[in-house]
Amino acid sequence: MSAKLILSMDGLVLKEIPLTKERTSIGRKPHNDIQIDNLAISGEHSVIVTILNDSFLEDLNSTNGTYVNGQPIKKHFLQNNDVVELGKYKLKYLNETPTQTTAADFEKTMVLRPDLMKKTAEQTAAKAVSPSDTQVGMKALDTQAGMAKPAAAAPAPAAAPPVMGAIQVLTGANAGKELDLTKNLTTLGKPGVQVAVITRRPHGYFITHVEGANFPVVNGATLDAHPRELKDHDVIELVGVKMEFFIKA
């Protein structure tokens, strides 16, 4: 079953909204996918990005804020039974399908879960990996914890494409470093500035914008809100750093 939201107010269920789109906008203005016509709701209040079985909630600098389980959030990785609060309205997130991304993956990326940064740093220190290996400036390589683990350590997804993709950093302090795209979801970017996700699907690799006013650039063309399939030797620009996607032989 796909993920869905249950919209309610004062305990009264108003509607059920399946998350079938990759980008679901929430706000007061009519063009939003979920329109809540209430003055406490900003015109463009928040957005949910759904990739495979995972959903990310982001507050769009709304006037009154977005809350999850009573806590204010800017970005949040939604989990089954989370309750999103927008003024007097509540959106309960239901997703009984196992997610493609485990909690451990988010500890490694340290992008959408900043509260885990300290914990991850302590775990990394315990493994005797130097800080320079994990803090790579743009955090593009955090997903592999400094690439200390061999790619073979991660089991391949059941429906993985037969080819293996990778990213090589072309500019900046980490020029020359490579990151094998072994996981279903690899998060690239800098939190609060610009974040994108590369998804590994049965028919190839796709890049999707997740966070930030500026969208990633591929081969000189700015992406839109939709996923874009990556081709061999595509050049990605993200947070001022150029990277090349390539297929490994």
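Parameters and conventions
- Residues numbered from 1 in each chain as written.
- Predicted model: local features only at pLDDT ≥ 70, side-chain atom pairs only at ≥ 80, totals over all residues.
- Heavy atoms only, no water.
- Helix = DSSP H or I, 4+ residues; strand = E, 2+ residues; numbered from the N terminus.
- Buried < 20%, exposed > 50% of the residue type's maximum accessible area, 1.4 Å probe, protein only.
- Contact = heavy atoms within 4.5 Å.
- pLDDT = per-residue confidence, 0-100.
- Salt bridge = Lys/Arg side-chain N within 4 Å of Asp/Glu carboxyl O.
- Pairing = 2+ DSSP bridges.
- Core = buried A, V, L, I, M, F, W, Y, C linked by side-chain atoms within 4.5 Å.
- Phe/Tyr/Trp six-rings, centres within 6.5 Å; stacked < 30°, edge-to-face > 60°.

A few words on the environment of His209. With respect to the helices and strands, the residue His209 is situated in strand β16 (residues 204-211). Residue class for His209 comes out buried when judged on its relative accessible area of 1%. When the C-alpha positions of His209 and Ala225 are compared, they lie 6.3 Å apart, and in sequence the two are 16 residues distant. Filtering out sequence-adjacent residues up to four positions away, His209 remains in contact with Arg23, Val49, Val195, Ala196, Asn214, Phe215, Pro216 and Asp224.

A few words on the confidence of the model for the protein chain. Reading fine detail from the predicted coordinates is not recommended where pLDDT is low. For the protein chain, per-residue confidence averages 76 on the pLDDT scale, and residues scoring 70 or more make up 72% of the total. Between residues 100-152, whose pLDDT stays under 50, and residues either more than four places distant or in other chains, the model counts 88 contacts.

Within the structure shown, the criterion is met by six salt bridges. The shortest N-O distance in the salt bridge between Asp33 and Lys21 comes to 2.6 Å. One end of the pair, Asp33, is in the loop between β3 (23-27) and β4 (34-35); the other, Lys21, is in the loop between β2 (12-18) and β3, and twelve residues separate them in sequence. On the basis of relative accessibility, which here comes to 36%, the residue Asp33 falls in the partly exposed class. Classification of Lys21 by relative accessible area gives partly exposed; the value is 42%.

Overall, antiparallel pairing links the six strands, which are arranged β13-β12-β21-β20-β17-β18 in an open sheet. Strand pairing shows two members of the sheet lacking a second neighbour, β13 (178-180) and β18 (221-222), which therefore form its edges. Bridge count for strand β12 (residues 164-169) against strand β21 (residues 241-248) is six bridges, and the pairing is antiparallel. Among the inter-strand pairings, Gly165 is bridged to a residue of β21, identified as Ile247.

Once that is clear, we can look at the nonpolar core. Counting residues in hydrophobic clusters, the biggest one holds 19 residues, and the most contacted among them are Leu5, Ile36 and Leu91. No other element matches strand β11 (residues 89-94), which puts three residues into this core. Not counting residues within four places of it along the chain, the set of residues in contact with Ile36 comprises Leu7, Ile26, Gly27, Arg28, Ile41, Leu86 and Tyr89. Counting residues in hydrophobic clusters, the runner-up holds 17 residues, among them Ile167, Ile198, Leu230 and Val241.

To continue, consider the packing of aromatic side chains. Any aromatic ring pair is given by two values, namely how distant the centres are and how the planes are angled relative to each other. Scanning all chains against the criterion turns up two aromatic pairs. Seen from their ring centres, Phe56 and Phe77 are 6.0 Å apart, and the 35° between their planes marks the pair as tilted. In this pair, Phe56 sits in strand β6 (residues 54-59) while Phe77 sits in strand β9 (residues 75-77), placing the two residues 21 residues apart along the sequence. For Phe56, a relative accessible area of 4% gives the class buried.

What follows covers the environment of Val241. Along the polypeptide, Val241 turns up in strand β21. You can call Val241 buried: its relative accessible area is 13%.

On to the pairing of strand β1 (residues 4-9), then. For β1, the tally of buried residues reaches five of six residues, placing the bulk of the element in the interior. As paired elements, β1 and β11 share six bridges and run antiparallel to each other. Paired with Met9 across the two strands is Tyr89, which belongs to β11. Sheet analysis places β1 next to β2, joined by six bridges and oriented antiparallel. Counterpart to Ile6 in the pairing with β2 is Glu16. In this antiparallel pair of consecutive strands, β1 and β2, the connection spans two residues, and Asp10 shows a positive phi of 55°.

With antiparallel pairing, the four strands of this open sheet are ordered in space as β14-β15-β16-β19. The sheet terminates laterally at β14 (185-190) and β19 (228-229), the two strands that pair on one side only. Of the pairings in the sheet, the one linking β16 to β19 comprises two bridges and is antiparallel in character. When the bridges of β19 are listed, Ile207 appears paired with Arg228.

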